[in-house]
Amino acid sequence: MSAFIVLGAQWGDEGKGKMTDYLAEDANVVVRFQGGNNAGHTVEVGDKQYKLHLIPSGILYNDKLNVIGNGVVLDPKALFEEIDYLKGVGVNVTPENLIISDRTQLIMPYHRVLDGIKEKCRGKKDIGTTGKGIGPCYTDKMERSGVRVSDLMHKEVFIEKLKENVEMKNDIITKVFNGEALSFDDICAEYLAYAEKMRAFVKDTSVIVYDNIKAGKKVLFEGAQGTLLDIDYGTYPYVTSSNTIAGGVCIGAGIGPTLINSAVGIAKAYTTRVGKGPFPTELFDETGDWIRENGHEYGVTTGRARRCGWLDLVILKTSARVSGLTSFAVTKIDTIAGLEKVKMCVGYKLDGKVIDYFPASLEDLARCEPVYEEFDGWDKGIENARTYNEIPENAKKYLKKIEEFTGTKISIVSVGPRRDQTINVTDI
Ligand code: GDP
Ligand code: IMO
Ligand code: MG
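About the cut-offs
- Residues numbered from 1 in each chain as written.
- Chains lettered and ligands numbered in written order.
- Predicted model: local features only at pLDDT ≥ 70, side-chain atom pairs only at ≥ 80, totals over all residues.
- Heavy atoms only, no water.
- Helix = DSSP H or I, 4+ residues; strand = E, 2+ residues; numbered from the N terminus.
- Contact = heavy atoms within 4.5 Å.
- UniProt positions renumbered as here; feature names shortened; annotations may be inferred.
- 1 Å grid on protein atoms, 1.4 Å probe; cavity = no way out; pocket = protein on both sides within 12 Å on 5 of 7 lines; lining within 4 Å.
- Buried < 20%, exposed > 50% of the residue type's maximum accessible area, 1.4 Å probe, protein only.
- Donors = N, O, S within 2.8 Å, 3.2 Å for Na, K, Ca; no water.
- Domains from an automatic or database assignment.
- Buried area = accessible area lost by both parts, 1.4 Å probe.
- Salt bridge = Lys/Arg side-chain N within 4 Å of Asp/Glu carboxyl O.
- Polar contact = N/O pair within 3.5 Å; in protein donor to acceptor, adjacent residues only side chain to side chain.
- Nonpolar A, V, L, I, M, F, W, Y, C, P; charged D, E, K, R; others polar.
- Near = heavy atom within 4 Å.
- Areas by Shrake-Rupley, 256 points an atom, 1.4 Å probe, with all protein chains shown as cover.
- Sits in = over half its atoms within 2 Å of the grid points.
- Pairing = 2+ DSSP bridges.
- Axes fitted to C-alpha atoms, helices over the stretch in contact; angles between N-to-C directions.
- pLDDT = per-residue confidence, 0-100.

Points about the side chain of serine 411
Right, so step 1: Structurally, serine 411 is set in strand β19 (residues 410-414).
Right, so step 2: Not counting the four nearest positions on each side in its chain, serine 411 is found in contact with Val264, Ser327, Phe328, Ile423, Asn424, Val425, Thr426, Asp427 and Ile428.

Shown next, in the form of C-alpha cells:
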C-alpha cells in the first residue's frame, strides 16, 4: 500500500495526531489536505508532547517530507509561530522537510476579524468556531476573491489583490458590522515579509505527491477535524468549512482517487465534540464529567472543555460509508476503563422506526432517540496491553460490536497517548 488516508471518524480530536505519528514511521511523505490551524494534533514521543496545528505530524521524524496541500487554508502568522515553536523544542523545519502548495489559500487578518464578528452576530446561534478565520477564508476561495500563496510570490499581483480585498472587507467590517477598519499598509508590509520567508517552501505539491506515489514511496494523507464536521456530511451548519472526508484528499492534494489504497478512520472509544451543534449521545451527568477529566478532554487549539458522550455507532457507520473506510483505529479505550458499565449507541429511534444512518436535517436529528446497548466494563490494566490477546475480554466484545455494526474491521487499538501504547491488529 503506497497511499493511505488517516481521518477523523467523529467530531475531531479522535487521536489523528497520535495515529499519524504511529503510521508515519514507514511513510515517506505526510500531507495535510484541508482545514488550517483550527486543528490541534497532539503527538507524544517518549516523555515529550508536541502540539501541531498547521504542519503535518510527520515533521517530528527527521526523514519525512511534509506537505501543506492546496486544500489547506494557511495563516502565515500561525505558520511561522509554529515553525518557531518547533525550533524551540528541537525540531528543525526547512524547505527540505516541508513544502507548501502554491495554490493554497491564505488566511488574512480580515478573515480572523470577520470570523469573530460573524460569530458575535449569530448570538445564541453561534457555531463556536475556533476564531482562526477558517470560514471567511474558504468563503473567499469559493467566491473567487481569495489570495493564494502563488499571488504572494508575485509582489505586484499580491498588492493589487490585497488592495481590492481590504477595500471590500473594510466596507463590510465598518458599514455592516460597525467594526474598525484594518490598515492596508500594515497588512501589506506584514505579508510581504512573510513572502520572503516562505518562498523557498513553495512548490507545485500536486506534482511532487504524484511523483512520490508513482515512484512507490509511501504517502500518508493526514486529515483534520472529523466526518461530522464535514461541510457536506456533517451537522450543517455546525461544521467546519472544508471536506474532511476521504473525498477531500483528491481535491485538497490534487491526487486522483485511483491512486489511494486505503483509508483509516480514527474513532475514539467514546464521543466528544467541541463547539456548538447536535450531539445525540452527549452525557450531561457525572459520567460525562468523569470521562472529560479522565480523558483530559480540553481543546488543543482553544482550551475549551470538550462535550463528552457514549460511543455512537451510527456516526461510525456513516463515516465508514462516506469515506469508504478500509479500517478503524480505535483510540482511548483506556480512558473509559474503570467504568462498571459502558454504553454504545446502536441506532436512532425516529418516529417509531430505528435508523442506522445520520439524518441530514437537524430537526429530524433532534427527534432521534439513541438506542443503547450496555457492555460490562474493563479495568485500567488495558493501558499496559501490547498485543490483541492482552486486551481484556470485555473490551474485545466492545470492539467486536464496532466491527459488526459498521462492517469495517479494526486495524489498530490505541491504549494510551504514546507511540508504544499501540496495538497493531491487522493491515490498515
Ligand atoms: P487529534 O486532533 O485527532 O489529533 O486529537 P487531539 O490531539 O486533539 O486529542 C487527542 C488526545 O488524546 C491527545 O491528548 C492525545 O495525546 C491523546 N490520545 C491519543 N490516543 C490516545 C489513547 O489511546 N489513550 C489516551 N489515554 N490518550 C490518547
Ligand atoms: P482537529 O483536527 C475539533 C470545530 C469548532 C467548531 C467548528 C467550526 O484537532 O480534530 P472552524 O474554526 O473550523 O470554523 O470551527 O469546527 N473544530 C474542531 N473540533 N477538532 C478540530 O480539529 C476542530 N477544528 C474545528 O470547534 O465547532
Ligand atoms: Mg485536535
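Now that the structure is up, let's keep going.
Digging into the UniProt feature "binding site: Mg(2+)" (unreviewed entry) in the protein
Right, so step 1: According to UniProt, the "binding site: Mg(2+)" (unreviewed entry) feature falls on Asp13 and Gly40. What stands out for the annotated residues spanning 28 residues is how close their C-alpha atoms remain, the widest pair being 7.6 Å apart. Within the annotated group, the residues that form the lining of the largest pocket are Asp13 and Gly40.
Right, so step 2: For aspartate 13, the location among the structural elements is in the loop between β1 (3-8) and α1 (16-24).
Right, so step 3: Given the relative accessible area of 22%, aspartate 13 is considered partly exposed.
Right, so step 4: In this view, aspartate 13 contacts Gly40, Lys268, Val274 and Arg306; residues no more than four positions away in its chain are not counted.
Right, so step 5: Here glycine 40 lies in the loop between β2 (29-32) and β3 (41-45).

A short note on the coordination of the magnesium ion (ligand 3)
Right, so step 1: For the magnesium ion (ligand 3), the protein coordination sphere consists of Asp13 (OD) and Gly40 (O), at 2.1 to 2.2 Å. On the criterion of sequence distance, the pair formed by aspartate 13 in the loop between β1 and α1 and glycine 40 in the loop between β2 and β3 is long-range, its members being 27 residues apart.
Right, so step 2: A relative accessible area of 12% places glycine 40 in the buried class.

Considering the domain arrangement of the protein
Right, so step 1: What the domain assignment lists for the protein is domain 1 (3-101 + 202-262), domain 2 (105-198) and domain 3 (268-424).
Right, so step 2: The junction of domain 1 with domain 2 conceals about 1900 Å² of combined surface from both sides, 65% of it contributed by carbon and sulfur atoms.
Right, so step 3: Broken down residue by residue, the surface that domain 1 buries against domain 2 is led by Val73, Phe80 and Val202, which jointly contribute 29%.
Right, so step 4: On inspection of domain 1 and its partner domain 2, the count reaches 1 salt bridge.
Right, so step 5: When the shortest N-O distance is used, the salt bridge between aspartate 75 and arginine 112 registers 2.5 Å.
Right, so step 6: The tally of links between domain 1 and domain 2 comes to 5 residue pairs in polar contact (both at pLDDT 80 or more).
Right, so step 7: Those elements that provide at least two residues to the side of domain 1 that touches domain 2 are β6 (73-74), α2 (76-88) and β7 (98-101).
Right, so step 8: With 4 residues, α2 is the largest single contributor of residues to the side of domain 1 that touches domain 2.
Right, so step 9: Residues of the side of domain 1 that touches domain 2, tallied by class, amount to 11 nonpolar, 11 polar and 2 charged.

Comments concerning the site of ligand 2
Right, so step 1: What surrounds ligand 2 is a group of 20 residues, the closest being Asp13, Lys16, His41, Thr130 and Thr240.
Right, so step 2: In the environment of ligand 2, an oxygen atom lies 2.9 Å from a nitrogen or oxygen atom belonging to the side chain of arginine 304.
Right, so step 3: Contact with the protein chains removes 98% of the 550 Å² of surface that ligand 2 exposes when unbound.
Right, so step 4: Judged by the fraction of its atoms near the pocket grid, ligand 2 is located in the largest pocket.

A few points about the environment of asparagine 38
Right, so step 1: Note that asparagine 38 resides in the loop between β2 and β3.
Right, so step 2: Its relative accessible area of 10% is what places asparagine 38 among the buried residues.
Right, so step 3: Looking at asparagine 38, its side chain comes within polar contact range of the side chain of threonine 240, at 3.3 Å.

Thoughts on unusual backbone geometry
Right, so step 1: Cis rather than trans, the peptide bond between tyrosine 236 and proline 237 has omega equal to 5°.
Right, so step 2: Topologically, proline 237 is positioned in the loop between β10 (219-222) and α9 (247-253).
Right, so step 3: In this structure, aspartate 13 takes a positive phi of about 60° despite not being glycine.
Right, so step 4: Of note, glutamine 225 is a non-glycine position whose phi angle comes to about 55°, a positive value.
Right, so step 5: Tracing the backbone through its elements, the reader meets glutamine 225 in the loop between β10 and α9.

Some thoughts on the sheet that holds strand β20 (residues 422-424)
Right, so step 1: Across the sheet, which stays open at both edges, the 10 strands sit in the order β9-β7-β5-β2-β10-β1-β11-β15-β19-β20 with mixed pairing between neighbours. Both edges of this open sheet fall to β9 (202-203) and β20, since each of them pairs with a single strand only.
Right, so step 2: The sheet contact formed by β1 and strand β11 (residues 262-268) spans 5 bridges and is parallel. Within the sheet, the bridge partner assigned to glycine 8 lies in β11 and is isoleucine 266.
Right, so step 3: The sheet contacts of α1 involve β1, β2, β10, β11, β15 (327-331), β19 and β20, and relative to β1 the element is tilted by about 160°.

As for the confidence of the model for the protein
Low pLDDT means the predicted coordinates in that region are not meant to be read closely.
Right, so step 1: Looking at the protein as a whole, its pLDDT mean stands at 97, while 100% of the residues score no less than 70.
Right, so step 2: Of all the helices and strands in the protein, helix α12 (residues 362-367) carries the lowest mean pLDDT, 95, while strand β8 (residues 105-106) carries the highest, 99.

Brief notes about the site of ligand 1
Right, so step 1: Taken together, 19 residues surround ligand 1, and among them Lys16, Gly17, Thr42, Asp334 and Ser414 come closest.
Right, so step 2: Take glutamate 14: an N or O atom from its main chain is 3.1 Å from an oxygen atom of ligand 1.
Right, so step 3: Between ligand 1 and glycine 15, the relevant distance is 2.9 Å, taken from an oxygen atom to a main-chain nitrogen or oxygen of the residue.
Right, so step 4: Compared with its free state, where it exposes 590 Å², ligand 1 has 92% of that area covered by protein.
Right, so step 5: One can see that ligand 1 is located within the second largest pocket.
Right, so step 6: Per element, the largest residue contribution to the shell around ligand 1 is 3 residues, and it comes from α1.
Right, so step 7: A per-class count over the shell around ligand 1 returns 3 nonpolar, 9 polar and 7 charged.

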